[in-house]
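Topology and contacts: notes
This is what each chain is made of:
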Amino acid sequence: MKTRGLHGRGWFFALALVAFIGALMVANARDIGSVSLDPISISVRPISQFRIGRDDRNFGPLEFVGGLEMTASSRHFGAISSLRFLSPGAEFIGVADTGFWFFGTLTHDAEQRPSGVENFSMEQMVDETGKAFARKWEVDAESLAVRDGVATVGFERNHRVARFRIERGNMGPAIGAVDFVIPSKELRQNRGLETVAFAPSGRLVVVSEKSLDLNGNIYAAIADGPQRGVFTVKRNGEFDITDGAFLPGGDLILLERSFNMAEGVKMRLRRIVGSDIVKGAIADGTVLLEADMAYQIDNMEALDIWTRADGAVMVSLMSDDNHSILQRNLYLEFVLHE
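This brings us to the pairing of strand E14 (residues 218-222). The two faces of a sheet get side chains in turn, since along a regular strand they alternate between them. Extensive coverage of E14 is indicated by the burial of five of its five residues. Burial along E14 is two-sided: Ile 218, Ala 220 and Ile 222 and Tyr 219 and Ala 221, pointing in opposite directions, are all buried. Both strand E13 (residues 204-212) and E14 contribute to a ladder of four bridges, which runs antiparallel. Of the residues in E14, the one forming a bridge with Val 205 is Ile 222. Between E13 and the antiparallel strand that follows it, E14, lie five residues; Gly 216 among them carries a positive phi value of about 85 degrees. In terms of strand pairing, E14 meets strand E15 (residues 229-233) through five bridges, oriented antiparallel. Across the sheet, Ala 221 pairs through a bridge with Val 230, a residue of E15. Hairpin connection of E14 to E15: six residues between the antiparallel strands, including Gly 225 at a positive phi of 85 degrees.

So this is what it looks like as structure tokens:
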């Protein structure tokens, strides 16, 4: 959120305005209608410091490589919920919680820092008749996994996990559904499936944002394979889960976010050991990174993990601006040092 430099009551009014604008945008998005989008030009401002005003590069096991603040003239750009690279650190696909797919190519400079976004486009999700969904709550896409040319998407409000054939420029209706195992009655309306991720073993794992069991732990599940079943993730502090992706070795990295009026927004990365993800378990993990508004963060919603050409394991994050003039669309990139 663009609230740096605000103090005292200024914080309250700015954050209250964010909430108001967010509610207004959701109301306006309920009737999406049909729209045809041409390619969108993305303007970027490079981010060279992760901690504002300091040149630190290392934050625990993570080394900051660089980032981008992204803007576009299209009113549909933003609301990014999840991102997956189709080629390492370059071509990507993603979903927005306003019912859009987005595609593009991330570029890097000679020092391997992110430098721009090219060939960017968006297209609406469509129903079984091929028409755009009429209401936003029907197509609140929050999570994404990609495998073998198929996108697996988690939706909240109308809770479901659906599969789509990836055909850029011609994304059609769902080609199938996934039984996500968690009882639908346990998923809260706006706290649904924020993570859908394939482990290196091929098993599909889903994790909710803040759908809690009686012990206050977060519902999750292994959706297929011999270990199929529900497990939970221990909720530590006031953080909720917004995305997740697996490391090559099988551990799960969860992106988490917290927000309150006094402190603003925070983000956290937590590492769950892969062997702890089993039916009936309560999984917990080590915090790799925690950042508040002294850092270049916003409403961090999307995470992906990929391997650079030199073998480095990369962690990429993107934010959801909620279509608010006080928030930003950010891309951040780190090397994870094991």
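Of the residues in the protein, 88% have a pLDDT of 70 or more, and the chain-wide mean is 89. Note that residues 1-34 has pLDDT below 50 and, in this model, 57 contacts with residues that lie over four places away or in other chains.

Moving on: the side chain of Thr 107. With respect to the helices and strands, Thr 107 occurs in strand E6 (residues 100-108). For Thr 107, a relative accessible area of 18% translates into the label buried.

Let us now look at the sheet that holds E15. With mixed pairing, the five strands of this open sheet are ordered in space as E12-E13-E14-E15-E19. Looking along the sheet, the strands with just one partner apiece sit at the ends: strand E12 (193-198) and strand E19 (282-283). Where E12 and E13 come together, five bridges link them in antiparallel fashion. Residue Thr 195 lies in a different strand from E13, and its bridge partner there is Val 207.

This part is about unusual backbone geometry. Phi is positive for Ala 79, close to 60 degrees, though the residue is something other than glycine. Looking at where Ala 79 falls in the secondary structure, it is placed in the loop between strand E3 (62-72) and strand E4 (80-85). With a relative accessible area of 1%, Ala 79 lands in the buried category. Phi angles above zero are rare outside glycine, and Val 181 is one such case at about 75 degrees.

Here we come to the sheet that holds strand E9 (residues 150-156). The four strands are arranged E8-E9-E10-E11 in an open sheet whose pairing can be described as antiparallel. Both outer strands of the open sheet, strand E8 (140-147) and strand E11 (176-178), are each paired with one neighbouring strand and no more. Averaged over all pairs of adjacent strands, the angle between strand axes in this sheet comes to 30 degrees, irrespective of strand direction.

How each quantity is defined
- Residues numbered from 1 in each chain as written.
- Predicted model: local features only at pLDDT ≥ 70, side-chain atom pairs only at ≥ 80, totals over all residues.
- Heavy atoms only, no water.
- Buried < 20%, exposed > 50% of the residue type's maximum accessible area, 1.4 Å probe, protein only.
- Helix = DSSP H or I, 4+ residues; strand = E, 2+ residues; numbered from the N terminus.
- Pairing = 2+ DSSP bridges.
- pLDDT = per-residue confidence, 0-100.
- Contact = heavy atoms within 4.5 Å.
- Axes fitted to C-alpha atoms, helices over the stretch in contact; angles between N-to-C directions.

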